Amino acid sequence: MLVGHDVRHDLAALELLDEHPGARVRDTARFSGYRRYGHGPKPALRVLAREVLGVEIQGGAHSSLEDARVAMLLFRRRKP
C-alpha cells in the first residue's frame, strides 16, 4: 500500500507510474471526502493540514518528511 498526497506526480517523477498498481494507492489529493477543501480538481496538502488537522505546514523549506506524516494523518482520519 502506498499512501501520500498527489502520488501520481511523485510516481511520474520517479518514472514508476506504470509500475505501481493503482488499487494499492491511497491518495489524499484524490479522496472525495477532501475535495470540498480545494479550489480546483484537488486540494493542496497545506490546506488539508490546516482545515482538517488544524496544523500549519510548509511555512519554510520543503520537508518531504512533514508532507508524508501529514498525508498519513489525513489518511488515518478517514480510513474506513
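Residues numbered from 1 in each chain as written. Predicted model: local features only at pLDDT ≥ 70, side-chain atom pairs only at ≥ 80, totals over all residues. Heavy atoms only, no water.

K.L.:
Give me the lowdown on the packing of helix 2 (residues 45-53) against helix 3 (residues 64-78), citing residues and values where you can.
P.N.:
Interhelical geometry of helix 2 versus helix 3 gives an angle of 50 degrees and a closest axis separation of 10 Å. As summarised for this structure, helix 2 and helix 3 are arranged oblique, according to the angle between their axes. Seen from above, helix 2 lies across helix 3 with left-handed handedness. Where helix 2 approaches helix 3, its residues Leu45, Leu48, Ala49, Val52 and Leu53 are matched on the opposing element by Asp67, Val70, Ala71, Leu73, Leu74 and Arg77. Residue composition of the contact of helix 2 with helix 3, by class: nine nonpolar, no polar and two charged. (Axes fitted to C-alpha atoms, helices over the stretch in contact; angles between N-to-C directions. Helix = DSSP H or I, 4+ residues; strand = E, 2+ residues; numbered from the N terminus. Parallel < 35°, antiparallel > 145°, perpendicular 65-115°, else oblique. Left-handed = near helix turned anticlockwise from the far one by under 90°. Contact = heavy atoms within 4.5 Å. Nonpolar A, V, L, I, M, F, W, Y, C, P; charged D, E, K, R; others polar.)

K.L.:
Before we move on, can you summarise helix 2 with the specific residues and values?
P.N.:
Restricting attention to buried positions, one finds in helix 2 the residues Leu45, Val47, Leu48, Ala49, Val52 and Leu53. Residues of helix 2 that are buried sit in contact with helix 3. One or two residues past the end of helix 2 sits Gly54, with phi positive at roughly 75 degrees. (Buried < 20%, exposed > 50% of the residue type's maximum accessible area, 1.4 Å probe, protein only.)

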